[in-house]
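Here are the chains, one letter per residue:
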Amino acid sequence: MGKGGQDTVNREIPSPRAPNLAIFPAWAKEIEECEKYYETNRVSGLSSQDVIKKREIYGYNELEKPEGPSFWKLILDQFNDTLVRILLVAAVISFLLALNNGGGEGSDKSTAFVEPLVIFLILIINAIVGVWQENNAENALEALKEIQSENATVIRDNKKIHNLPAKELVPGDIVELKVGDKVPADMRVVELISSTLRVEQGSLTGESEAVNKTNKVVAVDSDIQGKRCMAFAGTTMVKGTCICLVTQTGTDTELGKVHTQIHVAAQFEEETPLKKKLNEFGEVLTEIIGLICVLVWIINIKYFFTWETVYGWPTNFKFSFEKCTYYFEIAVALAVAAIPEGLPAVITTCLALGTRKMAQKNALVRKLPSVETLGCTTVICSDKTGTLTTNQMAVVKLVAMGATPDCLRAFKVDGTTYNPSDGGIEDWPLDRMDANLQMMAKIAAVCNDAGVARVENKYFATGMPTEAALKVLVEKMGFSDEVGDLLCMSPGDVLRCCKQWNQNARRIATLEFDRDRKSMGVIVKSEQGKRSLLVKGAVENVLERSTSIQLLDGTVVKLEQNTKALILQALHKMSSNALRCLGFAYKDKLPDFATYDGDEDHPAHQLLLEPSNYSSIEIGLTFVGFVGLRDPPREEVFQAMKDCKAAGIRVMVITGDNKNTAEAICREIGVFAPEEDITPRSLTGKEFMEISDQKSHLRQSGGLLFSRAEPRHKQEIVRLLKEDGEVVAMTGDGVNDAPALKLADIGIAMGIAGTEVAKEASDMVLADDNFSSIVAAIGEGRSIYSNMKAFIRYMISSNIGEVASIFLTTALGVPEGLIPVQLLWVNLVTDGPPATALGFNPPDKKIMKKPPRHREDPLISTWTLVRYLVIGTYVGVATVGVMIIWYTHDSFLGIDLSGDGHKLVTYSQLAHWSQCSSWQNFTVSPFTSGSKVFRFDDNPCDYFKRGKVKASTLSLSVLVAIEMFNSLNALSEDTSLLVMPPWVNPWLILAMSISFSLHFIILYVPFLAHVFGIVPLSLNEWMLVLAVASPVILVDEALKFIGNCTRGVLARWPMKSFKLKLE
């Protein structure tokens, strides 16, 4: 249960901190300025003395974990709960009473301690579970520390130091980075040793591809994605080597800011809507228990506090401590009856069962309460890359040259994964490929450094995703002759056709990609010994360096302006659809490399050592065609978006990716209509932060898109939505998503592509990284909440009945029928199985066609509360009534009750049993129960104390039977059992059988019967129990009928007219 004393509804969440403007903008400064500011030199690095001084200022390069609450503080926090406090007080009082008088009626000294010990056990288990959950709450911060690099290569005192612990870095250090290194701190790139430098920083920025880095300055107001001359802590070098200058360390890095934001977000985790309602219920319950206990004492004060009136003034006061204690015990019994002790356990069980159902739908729940919260989700803030898309680049269109220069051929390529068998190429020639297509396949296969691996029927890219997609395309294209095609179709390597192309054209040199010429080239040697250059790169750049084109049949003709315009027109159309386009070209005449075979002594080798020569080599090219690639949307997402709209859930896409790419994907998956003007709905993170009225923007109906979003942007959006009363589910996979995942009502991490940081900060992990799994989980969450309402209604109505029973006992003055330990057994054990089984009610088929419930919607409607007050009153009348019947009647409804030989008394005698000692000639004959005989020769008045054991057993049995029948009523809030019969939930039938079996065990096992102060019942007595209990079904059916007939009127009946607000 949650913490009743905390008000989390109006708790203001702090805005994530904006960039610190005092930080030196190294990305916007020339290298010399950076060296001057940090007092360092790129050649010699810092001196040892400088390092010591800077460490005193900046500290170590590590992420500090904020000190958490102490162990004892965690234990005390578990008792900061209204219902737990009520239970604790009841247990302490019961324990003191047991010490004082041995437990009162019907129990001996040993059994008197059963009740307080059971309650204490419940509280201890609750505290243990709570402390365990708290200790696991901040694992996200520990996982974040794992991302940090452990070692670095540093230049200090004009010496290169290898494997220096990364924690010892300080601002101003000169660090060498190479392929595979994890960047140990935020750094300014000062020198590129290789021609190309690429860094995988998607986990921090959300970009779908590795980005090129340079040492050139960028604008001072650039966002994190735009800082191309900076390498950030926690990112990975995937290509090239460089020298960098450390600018920020520890918590001042971008990774450190995420660390701080996670900690801040963790401090403002709110309770789930259900917990809030149960806490409010607990607070109201406290007031009601207190009121009823006072009322009980007022009604019975005449029994333990008396006086005489002389001349109009009270005198001769008498106080009976024994009777005062007796009625105090009744008050304790009231408290036990009013508290649904089994409710937390049943809720936990239902949520745990719900997690198993969700796991079958690829949604792995890490925090149980999130199952219920999913049911009232109103907004899904989704990342794009890997969630809405496959996070696997794929070629979707291939454009080749036609038979004439003024003709282009376009082929649509199907498939969204790296599996070559996933889809094919539409309208592909059935016979052998023409010369133009062969050349495109050759370039795509050979001018390529990537690969595709298969692990347990899953395909993964090794190397650049774009290049891996090109190799998958080659496999779909097939080979150029029959022998090659047979090799491509035979089992073995995933990339069989690519392997065949590489055997036919062996690579002997590589012209690495660089940002200036925007292309990559390879020099190959054919089987005949002929050298040629194969080039791929940005279409405009490759086309600019081409002087001819290759037609369909392999003929090479001059590249005319009209042909060039035709190619650029097709390129523009594909680019406007957010496709990344790569052009292919080749060159056969390479006089400088005619005899080159990779030998370092060859004169041509010197040309390859200087990247500035590559542009002069890649001229006079023959253009052959181009392809369009993208990270395609998942096939299931479009339908999932439609389901979200039908369910009244808004979807907001928040991504670090490019705006045009994100908009195109959002149109395709249904966030936006194909022709919709999305100008007011699509903003960058920076543009959103500059809006004056941000909440109005977020309140727009329909979908929204935020591109180029930084971590603080995501966190701010979630914060504003929550302040506006929305229940927010946030998805993410990267380090940059962790603060927002922590802050959201439901944080959802990706299981495949997600970082450990994101998973630890989340409430739920998607095993398949699929957006549609979120929608399925929301549907399951709604179904679970509906079932939880069923068993909460059942348990609360049962408790109302128990309170009514004890109150009527006190008001009528009859002997106490139910003792606390019996009520505790009913609440914890007997009610448990049916309540849990109600969690298996079949889901409503239209559950995802309804709008989400508001977080403030009442747990129990006004009319339902009235119904259960009526049912509770019936329970009270039935349990007290059966006791009165046993004492005053020898038969009831034709059922003979005289078989045990018990003495009948009048109702007046029963109501004034406390005056028994003053009755003249009152005697009681012995009666039997099973093999036991009860005699009252020494003290006839004991007939109303020890002798009430049979009547008490009847009361308990009626209570158990009524609650079993009442569980059938709880199958549906307003549907008759004639429409929804009990067998729609066979688990409920089984649970009722278990509960009755448990009751039979405590009745007919002598030791247990002694503990609970009960005796075995005869067949006739069981018939009486069923005759008194079964009408509860007819009563509730009548109330359901009235409710359905007057639904409109009852809907307008204000809930606030009742003191008990279960909202």
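As the structure is a prediction and not an experimental result, all values here were calculated from the model.

Thresholds applied
Residues numbered from 1 in each chain as written. Predicted model: local features only at pLDDT ≥ 70, side-chain atom pairs only at ≥ 80, totals over all residues. Heavy atoms only, no water. Axes fitted to C-alpha atoms, helices over the stretch in contact; angles between N-to-C directions. Helix = DSSP H or I, 4+ residues; strand = E, 2+ residues; numbered from the N terminus. Left-handed = near helix turned anticlockwise from the far one by under 90°. Contact = heavy atoms within 4.5 Å. Nonpolar A, V, L, I, M, F, W, Y, C, P; charged D, E, K, R; others polar. UniProt positions renumbered as here; feature names shortened; annotations may be inferred. Parallel < 35°, antiparallel > 145°, perpendicular 65-115°, else oblique. Pairing = 2+ DSSP bridges. Patch = residues over 30% accessible without salt bridge, like charges linked within 9 Å, V, L, I, M, F, W, Y side chains within 5 Å. Areas by Shrake-Rupley, 256 points an atom, 1.4 Å probe, with all protein chains shown as cover. Salt bridge = Lys/Arg side-chain N within 4 Å of Asp/Glu carboxyl O. Expected span 1.5 Å × (residues − 1). Buried < 20%, exposed > 50% of the residue type's maximum accessible area, 1.4 Å probe, protein only. Disulfide = S-S within 2.5 Å. pLDDT = per-residue confidence, 0-100. Core = buried A, V, L, I, M, F, W, Y, C linked by side-chain atoms within 4.5 Å. Domains from an automatic or database assignment. Phe/Tyr/Trp six-rings, centres within 6.5 Å; stacked < 30°, edge-to-face > 60°.

### Here's the deal with the packing of helix α13 (residues 435–446) against helix α14 (residues 465–477)
Item 1. Between α13 and α14, the least distance of the axes is 8 Å, while the angle of their chain directions is 145°. In the packing of α13 onto α14, the handedness of the crossing is left-handed. Every residue of α14 that contacts α13 at Leu437, Ala441, Ala444 and Ala445 is listed here: Leu470, Lys471, Val474 and Met477.
Item 2. Taken together, the residues that form the contact of α13 with α14 break down as 7 nonpolar, no polar and 1 charged.

### Quick look at the UniProt feature "transmembrane region" (unreviewed entry) in the chain
Item 1. Feature annotation in UniProt places "transmembrane region" (unreviewed entry) on residues 82–100, 112–132, 284–305, 325–353, 865–887 and 987–1015, given in this structure's numbering.
Item 2. Between the first and last C-alpha atoms of residues 865–887 the distance is 33 Å; the span itself is 100% helix and 0% strand.
Item 3. The span residues 987–1015 is 86% helix and 0% strand, and its two end C-alpha atoms sit 30 Å from each other.

### Thoughts on the packing of helix α31 (residues 862–888) against helix α33 (residues 949–969)
Item 1. Where α31 meets α33, the closest approach of the two axes is 8 Å, and the angle between their N-to-C directions is 150°. Taken together, the axes of α31 and α33 are roughly antiparallel relative to one another. For the element pair α31 and α33, the recorded crossing hand is right-handed. Listed contacts from α33 to Tyr868, Ile871, Tyr874, Val875, Ala878, Thr879, Val882, Met883, Trp886 and Tyr887 of α31 are Lys950, Ala951, Leu954, Ser955, Val958, Leu959, Ile962 and Asn966.
Item 2. Counted by class, the contact of α31 with α33 contains 14 nonpolar, 3 polar and 1 charged residues.

### So, the sheet that holds strand β27 (residues 704–707)
Item 1. Overall, mixed pairing links the 8 strands, which are arranged β12-β30-β29-β28-β13-β25-β27-β26 in an open sheet. Of all the strands in the sheet, just β12 (363–365) and β26 (682–684) have a single pairing partner and so form its edges. Across the sheet, the mean angle from the axis of one strand to that of its neighbour is 20°, orientation sign disregarded.
Item 2. Pairing of strand β13 (residues 379–382) with strand β25 (residues 650–654), which is carried by 4 bridges, proceeds in the parallel orientation. Its bridge partner being in β25, isoleucine 380 is matched across the sheet by valine 651.
Item 3. Strands in contact with helix α28 (residues 771–812) are β12, β13, β25, β28 (728–732), β29 (746–750) and β30 (764–766); relative to β13, the strand with the most contacts, it is inclined by about 160°.

### So, a nonpolar patch on the surface
Item 1. On the surface, a cluster of nonpolar side chains totalling about 320 Å² of accessible area is made up of Leu88, Val92, Leu96 and Leu99.
Item 2. With respect to the helices and strands, leucine 88 occurs in helix α4 (residues 82–101).

### Side note on the environment of leucine 607
Item 1. Tracing the backbone through its elements, the reader meets leucine 607 in helix α19 (residues 603–609).
Item 2. The sequence separation of leucine 607 and aspartate 592 amounts to 15 residues, and the corresponding C-alpha distance is 9.2 Å.
Item 3. Ignoring anything within four residues of it in the chain, the contact list for leucine 607 reads Asp592, Phe593, Asn613 and Tyr614.

### Things to note about helix α25 (residues 711–723)
Item 1. Between the first and last C-alpha of α25 there are 19 Å, a value that for 13 residues agrees with the 18 Å anticipated at 1.5 Å per step.
Item 2. Here α25 lies mainly inside the structure; 12 of its 13 residues are buried.
Item 3. Where α25 is concerned, the buried positions are Pro711, Arg712, His713, Lys714, Gln715, Glu716, Ile717, Val718, Arg719, Leu720, Leu721 and Lys722.

### Some points on the sheet that holds strand β8 (residues 236–239)
Item 1. With respect to topology, 3 strands assemble into an open sheet ordered β6-β5-β8, the strand pairing being antiparallel. Every other strand in the sheet has two partners, leaving β6 (211–212) and β8 as the edge strands with one partner each.
Item 2. Bridging between strand β5 (residues 198–200) and β6 involves 2 bridges; their strand directions are antiparallel. Opposite valine 199, over in β6, you have valine 211 as the bridge partner.

### Describing the pattern of salt bridges
Item 1. A complete count under the given rule lists 30 salt bridges for this structure.
Item 2. The partner of aspartate 221 in a salt bridge is lysine 686, with the nearest N and O atoms 3.3 Å apart. Taken together, the residues span a long stretch of sequence, with aspartate 221 in the loop between β6 and β7 (230–231) and lysine 686 in helix α23 (residues 685–689) at a distance of 465 residues.
Item 3. Looking at lysine 686, the relative accessible area reads 35%, which means it is partly exposed.
Item 4. Glutamate 254 serves as the salt-bridge partner of lysine 257, at 3.3 Å between the closest nitrogen and oxygen. Remark: glutamate 254 and lysine 257 occur in helix α8 (residues 254–266); sequence separation between them is 3 residues, near one turn of the helix. The two residues lysine 257 and glutamate 254 agree in class, both being buried.

### As for the state of the cysteines
Item 1. For the coordinates displayed, the defined rule picks out 1 disulfide.
Item 2. Cysteine 916 shares a disulfide with cysteine 941; S-S distance 2.0 Å. On the S-S bond that ties cysteine 916 to cysteine 941, the torsion sits near -95°, and the link is left-handed. Taken together, the residues cysteine 916 in the loop between α32 (907–911) and β33 (927–929) and cysteine 941 in the loop between β34 (932–934) and α33 connect sequence positions 25 residues apart.

### Considering the pairing of strand β10 (residues 305–310)
Item 1. As paired elements, β10 and strand β11 (residues 313–319) share 5 bridges and run antiparallel to each other. In the strand pairing of β11, valine 310 is matched with tryptophan 313.
Item 2. Between β10 and β11, which follow one another and run antiparallel, lie 2 residues, and tyrosine 311 among them has a positive phi close to 55°.

### Some remarks on the confidence of the model for the chain
Item 1. Overall, the prediction assigns the chain a mean pLDDT of 80, with 83% of residues at 70 or greater.
Item 2. By mean pLDDT, the top-scoring element of the chain is strand β21 (residues 546–550) (95), and the lowest-scoring one is helix α6 (residues 139–147) (46).
Item 3. Note on residues 103–107: pLDDT is under 50 here. Beyond four places in sequence and across chains, it has 11 contacts.
Item 4. When the criterion is pLDDT under 50, residues 1050–1063 qualifies, and its contacts beyond four places in sequence or with other chains add up to 35 contacts.

### Points about the nonpolar core
Item 1. Counting residues in hydrophobic clusters, the biggest one holds 121 residues, and the most contacted among them are Phe771, Tyr887, Tyr943 and Phe944.
Item 2. Considering each element in turn, this core owes the most residues, 15 residues, to α28.
Item 3. Residue contributions to this core reach at least three from each of two domains, namely domain 3 (366–389 + 634–769) and domain 5 (780–845 + 857–1051).
Item 4. Excluding its chain neighbours within four sequence positions, the residues that come into contact with tyrosine 887 are Lys903, Leu904, Val905, Leu910, Tyr943, Phe944, Gly947, Lys948 and Ala951.
Item 5. Within the second largest apolar cluster, 48 residues are counted, among which are Ala26, Ile224, Met652 and Val718.

### So, the pairing of β28
Item 1. Summarising burial for β28: 5 of the 5 residues are buried, a large majority.
Item 2. The two faces of β28 match: Val728, Met730 and Gly732 on one face and Ala729 and Thr731 on the other face are all buried.
Item 3. By the bridge criterion, 3 bridges tie β13 to β28 in an arrangement that is parallel. Bridging across to β28, valine 379 finds its partner in valine 728.
Item 4. Here 4 bridges tie β28 to β29, and the two strands are oriented parallel to one another. Among the inter-strand pairings, threonine 731 is bridged to a residue of β29, identified as isoleucine 748.

### As for the packing of aromatic side chains
Item 1. Across all of its chains, the model carries 22 aromatic pairs by this definition.
Item 2. Relative to tyrosine 596, the ring of phenylalanine 593 has its centre 5.8 Å away and its plane inclined at 75°; by these criteria the two rings are edge-to-face. A single burial state applies to phenylalanine 593 and to tyrosine 596, both of which are buried.
Item 3. Members of the aromatic cluster, joined through ring pairs, are Trp886, Tyr887, Trp919, Phe922, Phe927, Phe934, Phe936, Tyr943 and Phe944.

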